[in-house]
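Survey of secondary and tertiary structure
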Protein chains: 2
Amino acid sequence: MGRVYNFSAGPAVLPEEVLRQCANDMMDYKGTGMSVMEMSHRTKMFEDILGRAEADLRELMGIPSNYKVFFVQGGGFQQFAAVPMNLTVNGVADYIDTGNWSNKALKEARKYTDVHVIASSEDKTYTYIPDVSDLSVDENADYVYICQNNTIFGTKYKELPNTKGKTLVADVSSMFLSEPMDVEKYGVIYAGVQKNAGPAGLVAVIVREDLLRDDLPAYVPTMLKWKTQADAGSLYNTPNCWAIYVCGLVFDWIKRTGGLEAMKERNEKKAKVLYDFLDESSMFKGMVVKEYRSLMNIPFVTGDKELDALFCKEADAAGLVNVKGHRVVGGMRASLYNAMPIEGAQRLVEFMKEFERTH
Amino acid sequence: MGRVYNFSAGPAVLPEEVLRQCANDMMDYKGTGMSVMEMSHRTKMFEDILGRAEADLRELMGIPSNYKVFFVQGGGFQQFAAVPMNLTVNGVADYIDTGNWSNKALKEARKYTDVHVIASSEDKTYTYIPDVSDLSVDENADYVYICQNNTIFGTKYKELPNTKGKTLVADVSSMFLSEPMDVEKYGVIYAGVQKNAGPAGLVAVIVREDLLRDDLPAYVPTMLKWKTQADAGSLYNTPNCWAIYVCGLVFDWIKRTGGLEAMKERNEKKAKVLYDFLDESSMFKGMVVKEYRSLMNIPFVTGDKELDALFCKEADAAGLVNVKGHRVVGGMRASLYNAMPIEGAQRLVEFMKEFERTH
């Protein structure tokens, strides 16, 4: 079988060029006589890989020098605990609940701080983003937390919340590097890389320096303390070296293909192919309020569960794989990450049209 | 450059056959049209990879059915916190200090429990393993902790401690799968896989079922709770899928080349090549008391720091790489993990002989 169009929400499609490089480097990375997987993380060759990855990420996102960047393990879920562990001073945190992941984050945070849910779109099964222009931000809030792109429900903030001076913390996993971001508006940004930048098992964390503290509660495990990880430059213990290497190749690929402005333009074109069809189709419907539609994750349904299942099965057989929706939402979902070529979106829409005609 | 002999202590050499398979599978894993890095962890194809890896590990180590096996992120260091978080009931734990890693483990444990160091080899810079046949095990000890093979100092327990009925917890990272183990003698075994089984970023944890508890202190992050990880079969959140896949290939390679008995025999032969030379050389000396010598990590010195540095440099140029000792010990260290062929040990000894003759 040739390569398929893989619409998985994550782990997800990677650029073919990056995969080819991984295969080429496998037995002998740049004349070292070994694979990147076999390299001590304390060697110059690995430090070069890590240093270049960080530098490229800084360049791509325009990360100011007063922000630290580090790569850790444990997934977004581990950051759900790390966020309150590292930021709690007053003992209150404000969360905006826009779906599954912000909800899991706030539940984990309740172990460590008082959580106030200051806005939620649960009332309409998370199909929109609440108005965040004038929220009741707590006077003592240590931070305001958002999940900026909601992988499962397919929504994205069109503007950032007015935090009234409080630190903004954002999980940007499923929109990481899909468009430019103004890093200075955030105190903390983190992203599991397995959606848009690399293989699973690595989180990129970006923290404004003044938020890195030494005086954390005694129960905080060393591995979850951001200052320790930042001070050690991702090398406090052995990191996920392979994932850092692959991310570095992806960062380089993004740079060479035009950076985040170009990514955004391509991603808008790709998403438009599918959204335009959803708007005109009589069989397939998107569920999200238009202005909050995600560029990356597009859920849709036929309204008939059996038909949904048949569609997924037939799409799969046609090489359009992993279009099954998340179990929480059902139906279908197409994730159109950076590495998905526009031909993938076009082929999917052609297939949907044909399916609509014949069923 | 061709492949080198890589004596790194970890991340470390992997079987060439495994690397070749990784390269071959890169663009299209078994006709799926995608790389393992691009696969959702919730798909049947990845569940097969995970299921086979666990089954092969169970078969290789003879893990009884009342033990759970799961794969987590964060390295051994994260387990240094997870061990006391998951096992503390009475609030006392006994540690045996045999070097850098047991020492870091006990320091992290002090955040969560009273730590009693019931034996130590610090008095002779960790060049031996203390007598562990009749220790003052605390009546209330929740567990007795050891690091069974000491990567930096090159020692290994020749027999397990008499824990007087208490639960034995062992970090076996640098001897993982290098020889058979009697799993039933342990309550908990864990290993960072990056030394003898795969790439960095994954820890294999083996826990006797009755030690998996739900009633942990409120501050324990979900990701560090063993029961959560065990119940979810390593899929509570997105695991390090790539590392699980590579480990699976290594487990399969070990099975096909004779299992752990065969590994032990080969490892003993390999280590003997180097130890025999160290015993007769007038320039190079091992530092470890003979009966506690590790099969995996062999530190040695010339006694002259400049000569040590010259040796490392010339060895490197000769394709015998990463023989520099850990900064804590200095000198040299040759790690002879499963994937190091005996020719590597032989070539190293020939090179040492030549170096001794000419310097």
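This text gives an overview of the structure that appears in the document. Model, not experiment: these values are computed from the prediction.

**Some words on the relation of the copies chain B and chain A**
Placing chain B over chain A gives an RMSD of 0.0 Å and needs a rotation angle of 180°, together with 0.0 Å of translation along the axis. Overall, the copies show the geometry of a two-fold rotation axis. Minimal C-alpha distance to the rotation axis in chain B is attained by A23 of chain B, lying at 2.2 Å. Looking at chain B, 100% of its interface residues are interface residues in chain A too, so the copies touch through the same face.

**Focus on the sheet that holds strand β11 (residues 285-286) of chain A**
Residue and element names in this part refer to chain A. Strands sit in the order β11-β12-β14 across an open sheet of three strands; the sheet is antiparallel. Either end of the sheet is taken by a strand with one partner, and the two such strands are β11 and β14 (332-335). As judged from the four bridges shared by strand β12 (residues 297-301) and β14, these two strands associate in the antiparallel manner. Following the sheet pairing, P299 is matched in β14 by R333. Of the strands in this sheet, β11, β12 and β14 touch helix α7 (residues 259-280), which is tilted by about 20° from β12.

**As for a positive patch on the surface**
Together, R42 of chain A together with K104, K107, R110 and R327 of chain B make up a region of like positive charge exposed at the surface. With relative accessibility at 41%, the residue R42 of chain A sits in the partly exposed group.

**Quick notes on the interface of chain B and chain A**
Taken together, the contacts link 62 residues of chain B with 62 residues of chain A. For the pair chain B and chain A, the summed buried area comes to about 4700 Å², and 58% of that belongs to carbon and sulfur atoms. When the buried surface of chain B facing chain A is broken down by residue, M27, M37 and E38 of chain B rank first, second and third, together holding 15% of it. Our enumeration of links across chain B and chain A arrives at two salt bridges.

**Here's the deal with helix α8 (residues 305-317) of chain A**
For an α-helix, the turn length of 3.6 residues means that residues three or four places apart are oriented alike. All names here are of chain A. End to end, α8 covers 19 Å across 13 residues, agreeing with the expected 18 Å (1.5 Å per residue, within 8%). The elements touched by buried residues of α8 are β12, β13 (320-321), β14 and α9 (342-358). Two to three positions downstream of the cap, the backbone nitrogen of E306 sits 2.9 Å from a side-chain oxygen, assigning the N-cap of α8 to D304. Just downstream of α8 lies G319, where phi reads positive at about 80°.

Here is what the cut-offs are and how they apply
Residues numbered from 1 in each chain as written. Chains lettered and ligands numbered in written order. Predicted model: local features only at pLDDT ≥ 70, side-chain atom pairs only at ≥ 80, totals over all residues. Heavy atoms only, no water. Least-squares fit on C-alpha atoms with pLDDT ≥ 70 in both. Contact = heavy atoms within 4.5 Å. Pairing = 2+ DSSP bridges. Helix = DSSP H or I, 4+ residues; strand = E, 2+ residues; numbered from the N terminus. Axes fitted to C-alpha atoms, helices over the stretch in contact; angles between N-to-C directions. Patch = residues over 30% accessible without salt bridge, like charges linked within 9 Å, V, L, I, M, F, W, Y side chains within 5 Å. Areas by Shrake-Rupley, 256 points an atom, 1.4 Å probe, with all protein chains shown as cover. Salt bridge = Lys/Arg side-chain N within 4 Å of Asp/Glu carboxyl O. Lys, Arg positive; Asp, Glu negative; His and termini not counted. Charge placed at Lys NZ, Arg CZ, Asp CG, Glu CD. Buried < 20%, exposed > 50% of the residue type's maximum accessible area, 1.4 Å probe, protein only. Buried area = accessible area lost by both parts, 1.4 Å probe. Expected span 1.5 Å × (residues − 1). Polar contact = N/O pair within 3.5 Å; in protein donor to acceptor, adjacent residues only side chain to side chain.

The values reported here are purely geometric and, on their own, carry no functional implication.
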